[in-house]
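Here is what each chain is made of, one letter per residue.
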Amino acid sequence: DVKVTQSSRYLVKRTGEKVFLECVQDMDHENMFWYRQDPGLGLRLIYFSYDVKMKEKGDIPEGYSVSREKKERFSLILESASTNQTSMYLCASRGRADTQYFGPGTRLTVL
Amino acid sequence: AQSVTQPDIHITVSEGASLELRCNYSYGATPYLFWYVQSPGQGLQLLLKYFSGDTLVQGIKGFEAEFKRSQSSFNLRKPSVHWSDAAEYFCAVAPRFNNAGNMLTFGGGTRLMVKP
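Throughout what follows, the structure given in this document is the object of discussion. (Residues numbered from 1 in each chain as written. Chains lettered and ligands numbered in written order. Predicted model: local features only at pLDDT ≥ 70, side-chain atom pairs only at ≥ 80, totals over all residues. Heavy atoms only, no water.)

1. Remarks on the overall build of chain B
Point 1. Looking only at helices and strands, chain B has zero helices and 12 strands in total.
Point 2. If you list the helices and strands of chain B from N to C, you get β-β-β-β-β-β-β-β-β-β-β-β.
Point 3. Taking 2.2 N^0.38 as the reference for a compact globule, 116 residues should give roughly 13 Å; the C-alpha atoms of chain B span a radius of gyration of 14 Å, in line with that estimate.
Point 4. Projecting the C-alpha coordinates of chain B onto the three principal axes gives extents of approximately 45 × 30 × 25 Å.
Point 5. For chain B, with 116 residues in total, the buried portion stands at 47%.
Point 6. For chain B, long-range pairs separated by at least 24 residues make up 55% of all intrachain contacts whose partners lie at least 6 apart in sequence.
Point 7. For chain B, the computed accessible surface area is about 5500 Å², with 49% contributed by carbon and sulfur atoms.
Point 8. Chain B carries 10 positive and 8 negative side-chain charges, and their two centres are separated by 4 Å. (Helix = DSSP H or I, 4+ residues; strand = E, 2+ residues; numbered from the N terminus. Rg over C-alpha atoms; globule rule 2.2 N^0.38 Å. Buried < 20%, exposed > 50% of the residue type's maximum accessible area, 1.4 Å probe, protein only. Contact = heavy atoms within 4.5 Å. Areas by Shrake-Rupley, 256 points an atom, 1.4 Å probe, with all protein chains shown as cover. Lys, Arg positive; Asp, Glu negative; His and termini not counted. Charge placed at Lys NZ, Arg CZ, Asp CG, Glu CD.)

Structure, rendered in structure tokens:
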């Protein structure tokens, strides 16, 4: 079974803090993704990566950056957290098939 | 731009009753189509997908979905709902080209509640 893990299930941060969300997959997948999930809006793609050190902007990249130094790990970075970044963040990975596999999510609250 | 609409934000059904969750998409060409389920506190799990062939697709947990090109729809169905089916359901589409799986567009989700 594909396993995608995220470093925290719940996180509380203060406005202006730098926040790191970590995602690890164990299936040697080339492609990894970060989404945010908000009620009524479904999932929206923030960034994705199709290889180590490669990244592409998704639909809502503003205020976020990413890092992929190793194939199995994809980090989402909030350089200066703001209250409007309070959300559920979901990581996913995909191999050669067209199916994305998701982690359990990190619920981030920015105060 | 492509879009996915799930018209029902909330649906409540009685246990044992049948279920249909609606999904409509707006796209230039027939996309790849997916249904995911998210149980409380969990990530998304793939229920089923349609790429080509038979327009009635069988998935896990007794779910099926039917692709109707003329209606740009991909509705999810289950003949008899169980209490454990209470969750949020997401329809998603992706374009038909290489690396299509990278370009998922999600609907807003439908939250299903099941009455005993």
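There's more to say after this.
2. Quick word on the packing of aromatic side chains
All names here are of chain A.
Point 1. Enumeration over the complete set of coordinates arrives at 15 aromatic pairs over all chains.
Point 2. Note on Tyr35 and Phe102: the rings are 5.6 Å apart at their centroids and 40° apart in plane angle, and the pair reads as tilted. Of this pair, Tyr35 sits in strand E4 (residues 31-38) while Phe102 sits in strand E10 (residues 101-102), and the two are 67 residues apart along the sequence. Accessibility classification places Tyr35 together with Phe102 in one group, the buried group. (Phe/Tyr/Trp six-rings, centres within 6.5 Å; stacked < 30°, edge-to-face > 60°.)

3. Description of the nonpolar core
Residues and elements named next belong to chain B.
Point 1. If you look at the biggest cluster of nonpolar residues, it comprises 26 residues, and the most contacted ones within it are Leu19, Trp35, Leu47, Leu48, Phe74, Leu76 and Tyr89.
Point 2. Broken down by secondary-structure element, the contributors of at least two residues to this core are strand E2 (10-14), strand E3 (19-21), strand E5 (32-38), strand E6 (44-50), strand E8 (64-68), strand E9 (73-78), strand E10 (87-94) and strand E12 (110-115).
Point 3. The contacts of Leu19, once residues within four sequence positions are left out, are Ile11, Val13, Phe63, Leu76, Arg77, Lys78, Val81 and Leu112. (Core = buried A, V, L, I, M, F, W, Y, C linked by side-chain atoms within 4.5 Å.)

4. Observations concerning the environment of A:Glu22
Residues and elements named next belong to chain A.
Point 1. Structurally, the position occupied by Glu22 is in strand E3 (residues 19-25).
Point 2. Judged by relative accessible area, which is 21%, Glu22 ranks as partly exposed.
Point 3. Sequence spacing of Glu22 and Met54 is 32 residues, and the spatial spacing of their C-alpha atoms is 17 Å.
Point 4. A polar side-chain atom of Glu22 sits 2.6 Å from a polar atom in the side chain of Ser75. (Polar contact = N/O pair within 3.5 Å; in protein donor to acceptor, adjacent residues only side chain to side chain.)

5. Structural notes on the interface of chain A and chain B
Point 1. Each side of the interface is counted separately: chain A has 19 residues, and chain B has 22 residues.
Point 2. Summed over both partners, the interface of chain A with chain B buries about 1600 Å², with 49% contributed by carbon and sulfur atoms.
Point 3. Inspection of the region where chain A meets chain B yields zero salt bridges.
Point 4. Remark: the boundary between chain A and chain B carries three residue pairs in polar contact (both at pLDDT 80 or more).
Point 5. When contributions to the side of chain A that touches chain B are tallied by element, the ones reaching two or more residues are E4, strand E5 (42-51) and strand E9 (87-94) of chain A.
Point 6. Its residues assigned to classes, the side of chain A that touches chain B comprises nine nonpolar, seven polar and three charged. (Buried area = accessible area lost by both parts, 1.4 Å probe. Salt bridge = Lys/Arg side-chain N within 4 Å of Asp/Glu carboxyl O. Nonpolar A, V, L, I, M, F, W, Y, C, P; charged D, E, K, R; others polar.)

6. Points about the pairing of E9(A)
Consecutive side chains of a regular strand alternate in pointing toward one face of the sheet and then the other.
Residue and element names in this part refer to chain A.
Point 1. Within E9, eight of the eight residues are buried, which leaves it mostly tucked inside the rest of the structure.
Point 2. Going residue by residue along E9, you find Ser87, Tyr89, Cys91 and Ser93 tucked away on one face and Met88, Leu90, Ala92 and Arg94 tucked away on the opposite face as well.
Point 3. As judged from the seven bridges shared by E4 and E9, these two strands associate in the antiparallel manner. Bridge assignment links Gln37 to a residue of E9, and that residue is Met88.
Point 4. Here E9 pairs with E10 via two bridges, running antiparallel. Residue Ala92 lies in a different strand from E10, and its bridge partner there is Phe102. (Pairing = 2+ DSSP bridges.)

7. Some thoughts on the state of the cysteines
Residue and element names in this part refer to chain A.
Point 1. Summed over all chains, the structure comprises two disulfides over all chains.
Point 2. Residue pairing for Cys23: its cysteine sulfur links by disulfide to Cys91, the two sulfurs lying 1.8 Å apart. Of note, the bridge from Cys23 to Cys91 carries an S-S torsion of about -75° and is left-handed in sense. Note that Cys23 is positioned in strand E3 and Cys91 in strand E9, a separation of 68 residues in sequence.
Point 3. Its relative accessible area of 0% is what places Cys23 among the buried residues.
Point 4. Assessed through its relative accessible area of 0%, Cys91 is described here as buried. (Disulfide = S-S within 2.5 Å.)

The analysis is restricted to geometry; functional conclusions fall outside its scope.
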